[in-house]
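Okay, here's what each chain looks like letter by letter:
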Amino acid sequence: MRTKVALSEVLLETLNRLDGDGILLVAGDPPNPMTIGWSTIGHIWNKDVMNVLVRPVRYTFQFMESEEDFSVCVLPDRYRKELNLCGTRSGRDINKLEVCNLHVEKCSNVNSFFISESTIHFECRIVHKHFLDPATLDPAIIKRYYPQKDYHMVYYGEIVGIFRN
Ligand SMILES: Cc1cc2nc3c(=O)[nH]c(=O)nc-3n(C[C@H](O)[C@H](O)[C@H](O)COP(=O)(O)O)c2cc1C
(Lines give C-alpha, C1' and ligand atoms only; values in the text may rest on other atoms or scores of the structure.)
Protein backbone atom coordinates (compact mmCIF):
# COMPACT_ATOMS: atom_id res chain seq x y z
CA MET A 1 0.00 0.00 0.00
CA ARG A 2 1.59 3.27 -1.10
CA THR A 3 1.16 6.49 0.85
CA LYS A 4 1.45 10.00 -0.51
CA VAL A 5 4.35 11.82 1.19
CA ALA A 6 5.93 15.29 1.23
CA LEU A 7 9.17 16.02 -0.62
CA SER A 8 10.98 16.75 2.65
CA GLU A 9 10.32 13.16 3.80
CA VAL A 10 12.14 11.52 0.88
CA LEU A 11 14.58 14.16 -0.36
CA LEU A 12 17.72 13.04 1.45
CA GLU A 13 17.22 9.37 0.69
CA THR A 14 16.66 10.17 -2.99
CA LEU A 15 19.73 12.41 -3.22
CA ASN A 16 21.86 9.73 -1.55
CA ARG A 17 20.67 7.19 -4.14
CA LEU A 18 21.47 9.52 -7.02
CA ASP A 19 24.99 9.72 -5.71
CA GLY A 20 25.15 5.93 -5.27
CA ASP A 21 23.78 3.20 -7.53
CA GLY A 22 21.29 5.59 -9.16
CA ILE A 23 17.53 5.63 -9.49
CA LEU A 24 15.21 4.66 -12.35
CA LEU A 25 13.67 7.06 -14.83
CA VAL A 26 10.64 5.32 -16.33
CA ALA A 27 9.06 6.58 -19.55
CA GLY A 28 7.14 5.17 -22.48
CA ASP A 29 4.32 2.74 -23.05
CA PRO A 30 5.34 -0.04 -22.79
CA PRO A 31 7.55 1.51 -20.13
CA ASN A 32 11.34 1.41 -20.32
CA PRO A 33 13.48 1.92 -17.18
CA MET A 34 16.80 3.79 -17.45
CA THR A 35 19.18 4.39 -14.56
CA ILE A 36 19.98 8.03 -13.83
CA GLY A 37 22.52 9.57 -11.52
CA TRP A 38 22.14 13.21 -12.49
CA SER A 39 19.13 15.18 -11.30
CA THR A 40 18.26 18.27 -9.31
CA ILE A 41 15.25 18.54 -7.06
CA GLY A 42 13.99 21.93 -5.91
CA HIS A 43 11.36 24.60 -5.93
CA ILE A 44 10.60 26.85 -8.92
CA TRP A 45 7.43 28.61 -10.12
CA ASN A 46 5.88 27.77 -6.73
CA LYS A 47 6.12 24.09 -7.62
CA ASP A 48 8.32 21.21 -6.50
CA VAL A 49 10.36 20.37 -9.58
CA MET A 50 12.67 17.51 -10.51
CA ASN A 51 15.15 17.93 -13.36
CA VAL A 52 16.38 14.86 -15.19
CA LEU A 53 19.10 14.91 -17.85
CA VAL A 54 18.82 12.57 -20.84
CA ARG A 55 21.30 12.27 -23.70
CA PRO A 56 19.57 12.13 -27.12
CA VAL A 57 21.24 8.80 -27.91
CA ARG A 58 19.25 7.02 -25.17
CA TYR A 59 16.23 4.94 -26.18
CA THR A 60 14.45 6.75 -23.33
CA PHE A 61 14.90 10.09 -25.14
CA GLN A 62 12.21 9.40 -27.73
CA PHE A 63 9.68 8.66 -24.97
CA MET A 64 10.61 11.81 -23.08
CA GLU A 65 10.03 13.72 -26.31
CA SER A 66 6.70 12.11 -27.18
CA GLU A 67 5.13 11.81 -23.71
CA GLU A 68 4.02 14.54 -21.33
CA ASP A 69 5.23 12.94 -18.13
CA PHE A 70 7.56 10.41 -16.51
CA SER A 71 8.18 8.70 -13.18
CA VAL A 72 11.35 8.40 -11.14
CA CYS A 73 11.67 5.36 -8.88
CA VAL A 74 13.97 4.66 -5.93
CA LEU A 75 14.75 0.95 -5.55
CA PRO A 76 15.85 -0.81 -2.35
CA ASP A 77 19.58 -1.60 -1.83
CA ARG A 78 19.30 -5.18 -3.01
CA TYR A 79 18.53 -4.04 -6.59
CA ARG A 80 22.11 -2.95 -7.34
CA LYS A 81 22.49 -5.54 -10.14
CA GLU A 82 19.23 -4.43 -11.79
CA LEU A 83 20.20 -0.74 -11.55
CA ASN A 84 23.48 -1.57 -13.23
CA LEU A 85 21.73 -3.45 -16.03
CA CYS A 86 19.22 -0.64 -16.60
CA GLY A 87 22.18 1.77 -16.78
CA THR A 88 24.30 -0.25 -19.19
CA ARG A 89 21.84 -1.95 -21.53
CA SER A 90 19.38 -0.26 -23.86
CA GLY A 91 15.67 -0.95 -24.12
CA ARG A 92 16.26 -0.98 -27.87
CA ASP A 93 17.98 -4.36 -27.48
CA ILE A 94 16.29 -6.03 -24.53
CA ASN A 95 13.13 -5.79 -22.45
CA LYS A 96 14.76 -4.58 -19.24
CA LEU A 97 11.65 -5.08 -17.12
CA GLU A 98 11.49 -8.74 -18.13
CA VAL A 99 15.23 -9.39 -17.74
CA CYS A 100 15.28 -7.74 -14.28
CA ASN A 101 11.94 -9.25 -13.25
CA LEU A 102 10.63 -5.80 -12.38
CA HIS A 103 6.93 -4.96 -12.55
CA VAL A 104 5.02 -1.78 -13.27
CA GLU A 105 1.78 -0.14 -12.21
CA LYS A 106 -0.02 2.92 -13.54
CA CYS A 107 0.81 6.19 -11.77
CA SER A 108 -2.00 7.97 -9.91
CA ASN A 109 -1.52 11.49 -11.28
CA VAL A 110 0.16 11.05 -14.68
CA ASN A 111 -0.05 8.59 -17.58
CA SER A 112 3.35 6.99 -16.93
CA PHE A 113 4.04 3.80 -15.00
CA PHE A 114 6.11 3.27 -11.85
CA ILE A 115 8.13 0.26 -10.72
CA SER A 116 6.18 -1.82 -8.18
CA GLU A 117 9.40 -2.89 -6.43
CA SER A 118 10.42 0.74 -5.71
CA THR A 119 10.20 2.12 -2.17
CA ILE A 120 9.64 5.70 -3.32
CA HIS A 121 8.35 7.02 -6.62
CA PHE A 122 7.90 10.51 -8.02
CA GLU A 123 5.24 11.33 -10.62
CA CYS A 124 6.32 14.24 -12.81
CA ARG A 125 4.69 16.32 -15.53
CA ILE A 126 7.08 17.91 -18.03
CA VAL A 127 6.72 21.70 -17.84
CA HIS A 128 9.93 22.80 -19.57
CA LYS A 129 12.97 21.38 -21.36
CA HIS A 130 16.12 22.60 -23.04
CA PHE A 131 19.42 21.25 -24.29
CA LEU A 132 22.48 22.21 -22.28
CA ASP A 133 24.05 25.15 -24.06
CA PRO A 134 27.79 24.71 -24.69
CA ALA A 135 28.10 28.49 -25.17
CA THR A 136 27.41 29.02 -21.48
CA LEU A 137 28.68 25.71 -20.06
CA ASP A 138 31.97 25.52 -18.13
CA PRO A 139 34.63 24.39 -20.66
CA ALA A 140 36.01 21.95 -18.08
CA ILE A 141 32.60 20.23 -17.90
CA ILE A 142 32.40 20.12 -21.71
CA LYS A 143 35.85 18.58 -21.90
CA ARG A 144 35.11 15.96 -19.27
CA TYR A 145 31.53 14.97 -20.06
CA TYR A 146 30.81 16.00 -23.66
CA PRO A 147 33.75 15.08 -25.91
CA GLN A 148 31.18 13.87 -28.48
CA LYS A 149 29.09 17.05 -28.09
CA ASP A 150 26.06 14.92 -27.15
CA TYR A 151 24.65 17.46 -24.74
CA HIS A 152 21.89 16.36 -22.40
CA MET A 153 18.32 17.50 -22.75
CA VAL A 154 17.25 18.82 -19.34
CA TYR A 155 13.62 18.04 -18.52
CA TYR A 156 11.83 19.97 -15.79
CA GLY A 157 9.23 17.71 -14.20
CA GLU A 158 6.65 19.31 -11.94
CA ILE A 159 6.33 16.82 -9.10
CA VAL A 160 2.61 16.09 -8.97
CA GLY A 161 2.83 13.17 -6.57
CA ILE A 162 5.36 11.41 -4.35
CA PHE A 163 4.54 8.00 -2.92
CA ARG A 164 6.28 5.50 -0.67
CA ASN A 165 5.46 2.06 0.65
C1 LIG B 1 24.70 4.98 -12.25
C2 LIG B 1 24.31 5.45 -13.64
C3 LIG B 1 23.79 6.72 -13.82
C4 LIG B 1 23.41 7.18 -15.11
N5 LIG B 1 22.87 8.43 -15.26
C6 LIG B 1 22.46 8.87 -16.48
C7 LIG B 1 21.83 10.16 -16.60
O8 LIG B 1 21.59 10.89 -15.63
N9 LIG B 1 21.47 10.55 -17.87
C10 LIG B 1 21.69 9.76 -18.99
O11 LIG B 1 21.36 10.19 -20.12
N12 LIG B 1 22.26 8.52 -18.87
C13 LIG B 1 22.64 8.06 -17.64
N14 LIG B 1 23.19 6.81 -17.50
C15 LIG B 1 23.34 5.94 -18.69
C16 LIG B 1 22.02 5.23 -19.09
O17 LIG B 1 21.35 4.71 -17.96
C18 LIG B 1 22.34 4.08 -20.07
O19 LIG B 1 22.94 4.59 -21.24
C20 LIG B 1 21.11 3.23 -20.41
O21 LIG B 1 21.57 2.03 -21.01
C22 LIG B 1 20.13 3.92 -21.35
O23 LIG B 1 19.01 3.10 -21.52
P24 LIG B 1 17.96 3.24 -22.72
O25 LIG B 1 18.77 3.21 -24.02
O26 LIG B 1 17.06 2.06 -22.56
O27 LIG B 1 17.26 4.55 -22.52
C28 LIG B 1 23.57 6.33 -16.23
C29 LIG B 1 24.11 5.04 -16.06
C30 LIG B 1 24.46 4.60 -14.78
C31 LIG B 1 25.02 3.20 -14.61
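Refer to the structure presented above.
Summary of the structure given here. (Residues numbered from 1 in each chain as written. Predicted model: local features only at pLDDT ≥ 70, side-chain atom pairs only at ≥ 80, totals over all residues.)

1. Considering the overall build of the protein
Let me state the cut-off plainly: Each helix is a run of H or I in the DSSP string that is no shorter than four residues. Each strand is a run of E no shorter than two, and both are numbered from the N terminus. In this treatment the radius of gyration is a C-alpha quantity, and the globule benchmark scales as 2.2 Å times the residue count to the 0.38 power. Put simply, a residue is buried when 20 or more other C-beta atoms lie within 10 Å of its own C-beta and exposed when 12 or fewer do; between those, it is partly exposed, and each C-beta is set from the backbone. Any two residues are considered in contact once their C-beta atoms, placed from the backbone, lie within 7 Å.
On a plain count of helices and strands, the protein comes out with five helices and 10 strands. For 165 residues, the compact-globule formula gives about 15 Å, and the C-alpha radius of gyration of the protein, at 15 Å, lands near that figure. The principal-axis extent of the C-alpha atoms belonging to the protein is close to 45 × 40 × 30 Å. Here the protein, with 165 residues, has 33% of them falling under the buried criterion. Here the contacts in the protein between residues at least 6 apart in sequence split such that 72% fall between residues at least 24 apart.

2. Some words on the environment of M64
Among the secondary structure elements, M64 is positioned in helix 2 (residues 59-66). Contact partners of M64, with chain neighbours within four places excluded, come to A27, V54, F70 and Y155.

3. Description of the site of the ligand
Here is the rule: Here, nearness is defined through the C-beta atom: a residue counts as near a molecule or strand if that backbone-placed atom lies within 6 Å of it. Under this grouping Gly is polar, as are all residues other than the nonpolar Ala, Val, Leu, Ile, Met, Phe, Trp, Tyr, Cys and Pro and the charged Asp, Glu, Lys and Arg.
The ligand sits among 19 residues. The nearest are G37, Y59, T60, G87 and S90. At the level of secondary structure, the elements contributing two or more residues to the shell around the ligand comprise strand 3 (32-36), strand 5 (47-54) and helix 2. Considered class by class, the residues forming the shell around the ligand number six nonpolar, nine polar and four charged.

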